[in-house]
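Results of the structural survey
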Amino acid sequence: MKLKAKILDEQAIKRALARISYEIVEHCKSVENLLLVGIRTRGVPLAGAIAENIGGLIGDKVDFIELDPTAFRDDVENDGVGESGLKKGVTLGKDVILVDDVLFTGRTVRAAIEAVFDCGRANSIRLAVLVDRGHRELPIKADFVGKNVPTSRREEVVVHVGSVDGEFGVYIYEKE
């Protein structure tokens, strides 16, 4: 793959996450019932940053947990055992906000929703993504978006998060 462009640097990512955090606070009637769920891998540190931002805004701690939706995917071979890493009942009655780095086909989000359902009936489920690149295969739409980036199918959006990749940035690569 060939690097085409760097579309977000560390400061731009922080600004986008701050904006998402404000939007979540404005949208939620009460943050007491809020549960941020970071989709593994890069959604987890993004959810942590959003939780920290919201905590700073409201002056209280906001919970966030990690979710591995792999066992619930319909496009990946798995053993059929639904293990997401979520404890049974953790989402029961909660206003869940799924957090991921890039929204593309919608398949990861569909699997994450399935995993949340498997844990218990959430009061509501919303989606926050750093980048929405389009090309949906399923009827999924993000409620909170850091940046919309129209792309072609020949392009790939790659997010780097400091705790995972050692640097921050969002890049577009051209498939060769």
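Residues numbered from 1 in each chain as written. Predicted model: local features only at pLDDT ≥ 70, side-chain atom pairs only at ≥ 80, totals over all residues. Heavy atoms only, no water.

Let's talk about the overall build of the chain
Along its length, the chain carries four helices and eight strands. When the helices and strands of the chain are listed from N to C terminus, the series reads β-α-β-α-β-β-α-β-β-β-α-β. Taken over C-alpha atoms, the radius of gyration comes to 16 Å for the chain, in line with the 16 Å a tight globule of 176 residues would show. Overall size of the chain, expressed as C-alpha extent along the three principal axes, is 45 × 40 × 30 Å. For the chain, the proportion of its 176 residues judged to be buried stands at 47%. Once local pairs closer than 6 in sequence are excluded, the contacts in the chain between residues at least 24 apart make up 68%. Accessible area of the chain: about 9,200 Å², with a carbon and sulfur share of 48%. (Helix = DSSP H or I, 4+ residues; strand = E, 2+ residues; numbered from the N terminus. Rg over C-alpha atoms; globule rule 2.2 N^0.38 Å. Buried < 20%, exposed > 50% of the residue type's maximum accessible area, 1.4 Å probe, protein only. Contact = heavy atoms within 4.5 Å. Areas by Shrake-Rupley, 256 points an atom, 1.4 Å probe, with all protein chains shown as cover.)

Details of the environment of Asp63
Relative to the elements of secondary structure, Asp63 occurs in the loop between helix H2 (43-58) and strand E3 (64-67). Taking C-alpha positions, Asp63 is 6.3 Å from Leu36, a pair spaced 27 residues apart along the chain. Once residues within four sequence positions are removed from consideration, Asp63 is found in contact with Leu34, Leu35 and Leu36. At a separation of 3.3 Å, a polar atom in the side chain of Asp63 contacts the side chain of Lys61. (Polar contact = N/O pair within 3.5 Å; in protein donor to acceptor, adjacent residues only side chain to side chain.)

Some thoughts on the sheet that holds strand E4 (residues 95-103)
Ordered by their spatial adjacency, five strands build an open sheet running E3-E2-E4-E5-E6, and the pairing between neighbours is parallel. Unpaired on one side and paired on the other, E3 and strand E6 (144-148) mark the two borders of the sheet. Pairwise comparison of adjacent strand axes, ignoring direction, gives a mean angle of 25° for this sheet. Inspection of the sheet shows strand E2 (residues 34-39) paired to E4 by five bridges, in the parallel sense. Counterpart to Leu35 in the pairing with E4 is Val96. Taken strand by strand, H2 contacts E2, E3, E4 and strand E5 (124-132), and its axis lies near 155° from that of E2. (Pairing = 2+ DSSP bridges. Axes fitted to C-alpha atoms, helices over the stretch in contact; angles between N-to-C directions.)

Examining the side chain of His160
Note on placement: His160 falls in strand E7 (residues 155-160). At 3.2 Å, the side chain of His160 forms a polar contact with the side chain of Glu167. Other than its neighbours up to four places away in sequence, His160 contacts Ile13, Asp165, Glu167, Phe168, Gly169 and Tyr171.

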